[in-house]
Each structure stands twice: as structure tokens, then as C-alpha cells.
Amino acid sequence: MLVDTLIPTPYYHTVGKEVEVFEHSYKNKIPFLLKGPTGTGKSRFVEYMAHQLDKKLITISCHEETSSTDLIGRFIIKGAETVWLDGPLTTAVKEGAIIYLDEVAEARPDVIVAIHSLTDHRRVLFIDKLGETIKAHDDFMLVASFNPGYQRGFKELKPSTRQRFIAVSFDYPEPKIETKILVSETNIDNDTAKKLVAIGNKIRNLTELGLTETVSTRLLVDAAKIIHSGLPKRLAVHVAVVEPLTDDLQTLEALKDLCNLMI
Ligand code: ADP
């Protein structure tokens with residue numbers, strides 16, 4: 001048993017067939033890719049699945065400086081000695097954990113090279129610096145997420161990499177489900193949750209605003225939390241939903257007016 005059973009199962013509301021797909025992907029040792037904009041429940045889903053499968057989860061939030069060394073490991077100086085320290089990927093490969101590379105496309109290209117041999121029938125990790133090849137533990141699974149590049153500023157993932165994964169798209173849940181998520185996550189009343197979801201959907205449909213990213217479920221959850229803790233509703237929506245989206249003064253004003261009409 002790797003996971004402490006006293007830790008409650010993370011709350012995750014299923015939106016499609018993602019649970020079944022993940023289970024089969026795990027059973028068949030095929031890496032799993034979650035595609036979709038930020039704040040759509042990708043990380044929460046992975047936490048939930050790790051808990052359901054009773055596996056340890058190691059999460060790495062990738063950014064432009066994330067290198068294969070950060071993942072595989074490095075030599076460090078300890079007193080008079082130089083000792084090898086396994087990185088999180090090496091640990092997961094050895095222990096049979098689930099590794100989640102969040103926003104993998106943001107990482108340096110050598111990260112993609114490093115995971116290639118783990119994503120095909122070989123299931124091995126090359127540790128250049130030690131001249132070693134490690135066979136992955138039977139329970140090891142590689143999971144990654146990325147934000148498809150249909151919006152400005154996000155990096156793409158090469159077809160040769162994408163085709164090594166089973167992939168599932170994540171998006172904003174339908175209003176009924178998103179309302180339930182807000183209520184479950186924050187204990188807010190159903191009516192306010194519904195209004196927040198309506199605001200979210202209204203702004204999502206305003207594609208002419210050209211926002212880099214639109215209202216995520218995460219933003220709505222944050223708004224619901226601060227409303228539940230006592231902040232006036234309109235102010236909560238302004239600071240949790242509108243302000244994070246844009247710095248353009250005209251757009252800010254227009255969005256605030258729109259929200260004031262809706263809550
Ligand atoms: P991502 O990894 O896609 O950026 P997260 O998994 O961090 O997004 O989700 C952001 C927040 O939205 C979560 O903390 C949770 O409160 C909420 N959330 C989104 N989708 C779901 C869902 N299907 N079930 C439960 N909570 C969700």
C-alpha cells in the first residue's frame with residue numbers, strides 16, 4: 001500500500017469517459033496525455049486517479065527552465081564527497097509511482113528526449129551521467145498535460161511525442177456539472193453558484209475580446225470561496241474572475257459592467 005488511506009479521496013466530478021480511459025491506459029502501460037486549458041480539472045483528475053489506483057503521485061510543474069537533469073537527477077557535493085541524487089522521474093521509475101508532468105510542452109526539449117524511451121515498449125530510462133539504463137517498475141506510469149496552442153503564447157507538442165500517448169481533452173464542464181463543482185468545493189448556495197457559472201459561460205462566449213485564456217473553473221471556484229467567506233458578490237467576481245483575465249482598462253470596465261448585471 002503506497003497511499004495513506006486516511007487521506008480522503010480528492011473530490012473529482014467525472015465529465016465524460018476519462019476515468020475508464022485512464023484505467024485502461026494504466027492497465028496497458030500506455031502513457032496518458034491530458035489536453036486542455038488551465039483550470040479545467042486536469043491536475044485534480046490525476047490526483048483522483050492516483051488515489052483510486054492506490055498509487056503514489058509525483059507531480060512536476062514544468063516551465064521553460066525545467067531540464068532533464070531536474071527530472072533524472074544530479075551529482076551533489078556532500079562534505080568531501082560527490083553523491084548522486086535521483087530526480088523525481090528516476091524515483092517514480094524505480095518505485096512504480098505515477099509521474100505527472102504538468103504543462104510538459106513548456107519544459108526544455110531535452111525533457112521530451114528523456115521521456116521518449118519511457119513512452120514506448122522499452123519502458124526504460126537512460127541516465128547519461130551514470131551510464132545506466134533503468135527498467136521501469138511494472139506500476140510506473142507517465143502522465144502529462146499540455147495546453148493546446150490554439151491561443152497565443154503556448155508551446156506546441158510535436159506529433160512524434162503526442163503519438164506516444166493516449167490523449168483526452170479537458171474543457172469547461174457543462175453548466176449543471178460546473179455548478180455542482182462550485183457547491184461541492186466551496187459550500188456556496190446553489191443559486192449563487194449558478195450565477196457564477198452563467199457569468200463564466202457568458203465571458204467564455206465573448207471570443208471577440210481576444211483573451212489569452214478565458215474564465216476557468218478554477219477562477220469560478222475562487223470567486224465562490226471568497227463569496228462564501230463573506231466578501232460582497234460583485235467585488236468577489238471583479239477580483240477573482242475579471243481582474244485575472246486582462247489588464248486592458250476598457251475590457252476590464254466592460255466585463256465588470258457585464259458581471260454587475262448578472263450577480
Ligand atoms: P488544471 O490542472 O486543468 O489547471 P485543476 O485540476 O487545478 O486545473 O482545477 C482547478 C480547480 O477547479 C480545482 O482545484 C477544482 O476546485 C476545480 N475543478 C475543475 N474541474 C473539476 C472537476 N471535474 N471536479 C472537481 N473539481 C474540479
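Calculation criteria
- Residues numbered from 1 in each chain as written.
- Predicted model: local features only at pLDDT ≥ 70, side-chain atom pairs only at ≥ 80, totals over all residues.
- Heavy atoms only, no water.
- Phe/Tyr/Trp six-rings, centres within 6.5 Å; stacked < 30°, edge-to-face > 60°.
- Buried < 20%, exposed > 50% of the residue type's maximum accessible area, 1.4 Å probe, protein only.
- Lys NZ or Arg CZ within 6 Å of the ring centre and 35° of its normal.
- Pairing = 2+ DSSP bridges.
- Helix = DSSP H or I, 4+ residues; strand = E, 2+ residues; numbered from the N terminus.
- Salt bridge = Lys/Arg side-chain N within 4 Å of Asp/Glu carboxyl O.
- UniProt positions renumbered as here; feature names shortened; annotations may be inferred.
- Axes fitted to C-alpha atoms, helices over the stretch in contact; angles between N-to-C directions.
- Left-handed = near helix turned anticlockwise from the far one by under 90°.
- Contact = heavy atoms within 4.5 Å.
- Nonpolar A, V, L, I, M, F, W, Y, C, P; charged D, E, K, R; others polar.

- An unreviewed UniProt entry annotates the protein chain as CbbQ/NirQ/NorQ/GpvN family protein originating from Flavobacterium taihuense.

Describing the packing of aromatic side chains
- Counting across every chain of the model gives seven aromatic pairs.
- Between Phe-75 and Trp-84, the aromatic rings sit 5.1 Å apart at their centres with planes inclined by 70 degrees, giving edge-to-face as the arrangement.
- Classification of Phe-75 as partly exposed rests on a relative accessible area of 40%.
- Grouped by ring-pair contacts, the aromatic residues Tyr-12, Phe-22, Phe-32, Phe-45, Tyr-48 and Phe-170 constitute a single cluster.
- Just above the ring of Tyr-26 sits the side chain of Lys-29; from NZ or CZ to the centre is 5.5 Å.

Some points on the pairing of strand S6 (residues 124–127)
- Pairing geometry for S6 and strand S7 (residues 132–135), over four bridges, is antiparallel. Residue Phe-126 lies in a different strand from S7, and its bridge partner there is Thr-133.
- The antiparallel pairing of S6 with S7 creates a hairpin that spans four residues between the two strands, and Gly-131 there sits at a positive phi of about 65 degrees.

Some thoughts on the pattern of salt bridges
- Applying the stated criterion to the full structure yields twelve salt bridges.
- One salt bridge in this structure joins Glu-95 and Lys-56, with 3.0 Å as the shortest N-O distance. Here Glu-95 is found in helix H4 (residues 88–95), whereas its partner Lys-56 is found in the loop between helix H2 (42–53) and strand S2 (57–61), with 39 residues between them in sequence.
- For Glu-95, a relative accessible area of 38% gives the class partly exposed.
- Across the pair Arg-204 and Glu-178 runs a salt bridge, and its minimum N-O distance is 2.9 Å. You can see Arg-204 sitting in helix H8 (residues 190–204) and its partner Glu-178 sitting in helix H7 (residues 175–186), a full 26 residues away along the chain.
- Exposure remark for Glu-178: the relative accessible area of 0% places this residue in the buried category.
- One network of salt bridges, in which partners are shared, links Asp-120, Arg-122 and Arg-164.

Considerations on the UniProt feature "domain: CbbQ/NirQ/NorQ C-terminal" (unreviewed entry) in the protein chain
- UniProt feature "domain: CbbQ/NirQ/NorQ C-terminal" (unreviewed entry): in the numbering of this structure it lies at residues 178–260.
- Helix makes up 70% of residues 178–260 and strand 0%. Its end C-alpha atoms lie 21 Å apart.

Points about the packing of H8 against helix H11 (residues 249–262)
- In contact at an axis separation of 10 Å, H8 and H11 are set at 145 degrees when each is read in the N-to-C sense. Where H8 crosses over H11, the handedness of that crossing is right-handed. Facing H8, whose interface residues are Lys-195, Ala-198, Ile-199, Lys-202 and Ile-203, H11 presents Leu-255, Leu-258, Cys-259 and Met-262.
- Split by residue class, the contact of H8 with H11 holds seven nonpolar, no polar and two charged.

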